[in-house]
Amino acid sequence: MNMEKIYKKIAEDNGVSAGEVRQAIQEAIEEAYTNSLNASEAARAYQRRIPCKGEMPTPEELIFYLSDEIAGK
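What comes next concerns the included structure.

Parameters and conventions
- Residues numbered from 1 in each chain as written.
- Predicted model: local features only at pLDDT ≥ 70, side-chain atom pairs only at ≥ 80, totals over all residues.
- Heavy atoms only, no water.
- Phe/Tyr/Trp six-rings, centres within 6.5 Å; stacked < 30°, edge-to-face > 60°.
- Helix = DSSP H or I, 4+ residues; strand = E, 2+ residues; numbered from the N terminus.
- Buried < 20%, exposed > 50% of the residue type's maximum accessible area, 1.4 Å probe, protein only.
- Salt bridge = Lys/Arg side-chain N within 4 Å of Asp/Glu carboxyl O.

A few points about the packing of aromatic side chains
According to the stated counting rule, one finds one aromatic pair in the structure shown. For the pair Tyr46 and Tyr65, a centre-to-centre distance of 6.4 Å together with 75° between the ring planes defines the contact as edge-to-face. Separated by 19 residues along the polypeptide, Tyr46 in helix α3 (residues 41-49) and Tyr65 in helix α4 (residues 59-71) bring together distant segments of the chain. Residue Tyr46 is classed as partly exposed on the basis of its relative accessible area, which comes to 37%. Residue Tyr65 is classed as buried on the basis of its relative accessible area of 9%.

What follows is the structure, given as structure tokens:
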């Protein structure tokens, strides 16, 4: 899976740059991981299921995880 192609396609469909697409995804991840409304144990447990090298996943790590979940892997 080529992430640049994915970002470019989404960007073209929405009239923005690929960088803006990646940035928007990163901001959504940060909001999900830092917003106190998502501090429940259930939310934190689900977040811990997502493999990542840091405290929260990168857009690429999240997309790979979600695509595997959708594919049933």
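Considering the pattern of salt bridges
A complete count under the given rule lists four salt bridges for this structure. Arg22 is the partner of Glu60 in a salt bridge, and the nearest nitrogen-oxygen pair spans 2.8 Å. With Glu60 in helix α4 and Arg22 in helix α2 (residues 18-34), the pair connects residues that are 38 residues apart, well separated along the chain. As a salt-bridge pair, Glu41 and Arg48 come within 2.6 Å of each other at their nearest N and O atoms. The exposure class of Glu41 is exposed, given its relative accessible area of 54%. The exposed category is assigned to Arg48, whose relative accessible area is 56%.

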